[in-house]
Amino acid sequence: MTSTKLLRGRRELQRPRGPEDERLPLGRTTAFGAQHVLTMYGAIVAVPLIIGQAAGLAPERIALLISSCLLMGGLATCLQSLGLPLLGSKLPLVQGVSFAGVAPMLAILAGDGGISAIMGAVIVSSAAGLLLAGGFSRVIRFFPPVVTGTMITVIGISLLPVAINWSAGTTDGSPPSNRAIALAGITLLIVLLLSKVGIGIVSRLSILLSFVLGTGVAALLGMTDFSRVGDGALISFPTPLAFGPPTFEVAAIISMLIVVLVTMTETTADILAVGEITGATITSKRVANGLRADMASSMVAPFFNSFTQTAFAANVGLVAVTGVRSRFVVAAAGFIMIGLGLLPVVGEVVAAIPEPVLGGASIVLFGTVASSGVRTLSKVDFGNSMNLVIVAVAFAFGLIPVAAPDFYQGFPSWIQTILGSGISAAAVVAIVLNLLFNSFTAGTPENPNNLGASPVRVIPTAALQMLREGDRMVNGKMVDSEGNEVAAVPEHHMDDIRELIDTGEITHTGQIPKVLAAKGERE
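Given the structure is predicted, the values throughout are model-derived calculations rather than measurements.

Caption draft 1: Examining the overall build of the protein chain more closely. When helices and strands are counted, the protein chain shows 21 helices and five strands. Here the contacts in the protein chain between residues at least 6 apart in sequence split such that 80% fall between residues at least 24 apart. Surface summary for the protein chain: the accessible area is close to 25500 Å², and the carbon and sulfur share equals 62%.

Caption draft 2: Focus on the sheet that holds strand 3 (residues 472–474). Strand order in the open sheet made by the three strands is 3-4-5, with antiparallel pairing throughout. Every interior strand has two partners, whereas the edge strands, strand 3 and strand 5 (485–486), have only one. As paired strands, strand 4 (residues 477–479) and strand 5 are joined by two bridges and run antiparallel to one another. Each residue of the ladder has a partner; that of methionine 478, found in strand 5, is valine 486.

Caption draft 3: View of the packing of aromatic side chains. Enumeration over the complete set of coordinates arrives at three aromatic pairs. Aromatic side chains phenylalanine 237 and phenylalanine 304 sit 5.9 Å apart centroid to centroid with 80 degrees between the ring planes, which places their arrangement in the edge-to-face category. Remark: phenylalanine 304 occurs in the loop between helix 11 (284–300) and strand 2 (309–311) and phenylalanine 237 occurs in the loop between helix 9 (206–220) and helix 10 (250–278); sequence separation between them is 67 residues. The exposure class assigned to phenylalanine 237 is partly exposed, which follows from its relative accessible area of 46%. Here the aromatic cluster, defined as three or more aromatic residues joined through ring pairs, consists of Phe407, Tyr408 and Phe411. Lying over the aromatic face of phenylalanine 328, arginine 23 brings its terminal NZ or CZ to 4.1 Å of the ring centre.

Caption draft 4: Just the nonpolar core, in detail. Ranked by internal contacts, the top residues of the largest apolar core, which has 98 residues, are Phe99 and Phe307. Not counting the four nearest positions on each side in its chain, phenylalanine 307 is found in contact with Val47, Ile51, Leu65, Cys69, Val97, Met105, Ile118, Met119, Val122 and Ala301.

Caption draft 5: Local environment of unusual backbone geometry. Located in the positive-phi region is leucine 86, a residue other than glycine, with phi close to 70 degrees. Note that leucine 86 resides in the loop between helix 3 (59–82) and strand 1 (95–97). On the basis of relative accessible area, leucine 86 is assigned to the exposed category, the value being 55%. In the Ramachandran plot, asparagine 305 falls in the positive-phi region, its phi being about 65 degrees despite a non-glycine side chain.

Caption draft 6: Spotlight on a nonpolar patch on the surface. Judged by side-chain polarity, Phe226, Val345 and Val349 come together as a nonpolar surface patch covering roughly 200 Å² of accessible area. The topology assignment puts valine 349 in helix 14 (residues 344–351).

Caption draft 7: Here's a closer look at the pattern of salt bridges. In this structure the tally under the stated criterion is two salt bridges. Residue glutamate 20 pairs with arginine 286 through a salt bridge whose shortest N-O separation is 2.8 Å. Placement of glutamate 20 in the loop between helix 1 (2–14) and helix 2 (26–54) and of arginine 286 in helix 11 is noted, with a sequence separation of 266 residues between them. The pair glutamate 20 / arginine 286 is uniform in exposure class, with both members buried.

Caption draft 8: Region of interest: the environment of alanine 184. Along the chain, alanine 184 falls in helix 7 (residues 178–196). Judged by its relative accessible area of 6%, alanine 184 is buried. Along the sequence, alanine 184 and alanine 361 sit 177 residues apart, while their C-alpha atoms lie 7.6 Å from each other. In this structure alanine 184 touches Ser167, Pro356 and Gly360, once residues within four positions along its chain are discounted.

The rules behind the values
Residues numbered from 1 in each chain as written. Predicted model: local features only at pLDDT ≥ 70, side-chain atom pairs only at ≥ 80, totals over all residues. Heavy atoms only, no water. Helix = DSSP H or I, 4+ residues; strand = E, 2+ residues; numbered from the N terminus. Contact = heavy atoms within 4.5 Å. Areas by Shrake-Rupley, 256 points an atom, 1.4 Å probe, with all protein chains shown as cover. Pairing = 2+ DSSP bridges. Phe/Tyr/Trp six-rings, centres within 6.5 Å; stacked < 30°, edge-to-face > 60°. Buried < 20%, exposed > 50% of the residue type's maximum accessible area, 1.4 Å probe, protein only. Lys NZ or Arg CZ within 6 Å of the ring centre and 35° of its normal. Core = buried A, V, L, I, M, F, W, Y, C linked by side-chain atoms within 4.5 Å. Patch = residues over 30% accessible without salt bridge, like charges linked within 9 Å, V, L, I, M, F, W, Y side chains within 5 Å. Salt bridge = Lys/Arg side-chain N within 4 Å of Asp/Glu carboxyl O.

Structure below.
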């Protein structure tokens, strides 16, 4: 009897506790996991490429950065999806290097801090994030859509000059090259064509495939150099602290702390989104465990030559598209990334991709980041509030480093590091102004000034007399209470159209545009 109960208990333990705990056959698990890796591969290798080239690293050192980021992304993904006590949401979330940190890291490099200063800033800021994780729900209120949308948009716009310099072949100080621009244009065209293709998997892999096809075109034009690929060991664990021990600079830490708060906000949103998609139960404890996994991975990452880790929203979308909700599929993706990180040749191949190819693809990649910010801003109420002013001023400060890189040259170095990064500047301004106008409302008039107020609108009284109960605007068209379109007719044609309706020559709305077109031709 006892053995029967034990057996029943074991079976109970093996049953999925939720849809995210579903176990698929090994072959399907591996295949779906590989699809996750392919979906985010272009994004995860872009960050080490940008930082490595900005730091002036040799190709083999950039390859090391890429391998390290793949390895760390895989470890972080396994921690997030499989979990440990107090660590990991146990949801299908793929982790990787955050784009949010690129602009501040470039500012740190510009301030002569070097990669060691970046690593130190990531360690300290991630440790602070780890301490905040349990009570982050009390901090997240300072990051409403008006703040996060502004910051994400500025991230994308701030990165576009990098893509443009890659496209022109000017990162080494040489003048723009027509051949480089042509290659970047071809790569961009490849991305657009692949994105247009109706096959879902091809469209989702457009960035990665553009790297491959664009490099193929570059090879035909004699613009590639793979001579150093394969020089290293076949299998190698990335050397810990390969760029020296971390250094700790206050301004760099403050700059990266802002990034950590942004990534924690993004991860919280991703956890909630994937919970809704999979039907998993999301509690505050689960969110806190997910944030701790993010921050713990980010804190360890610099010791293995990587940067701040966060959940990838693109892979959340993939879960929704495929309907595969198992966290073990994402864990398989993590193991695949770990394997790729242990193969130096993978990083060497990526490091050898010509800059114009990277530039052409990154125009779409970075532009998509900016577009995501615009989508977030679409949730903001811009009517009769100061949100318009908040976004306007934050955008202006965020784009100063893009429009005038030397603007803060005469300021102290710590100000250069913080405000010299578009995202840091935009974040500081957006947070402060949001508190000033939306949290501390004392002194803010009920009807704001003309900058923040909605425009005054009027319509003729005659137009009101023609409306019926339930008429409304949908996608730029007038429809009635039953959803039927109400045709818009120029005033000088109204009598003619009414007469045709009365005589029965016009029996449905679809005929009216044809009649108007015919009248226009006769006139």
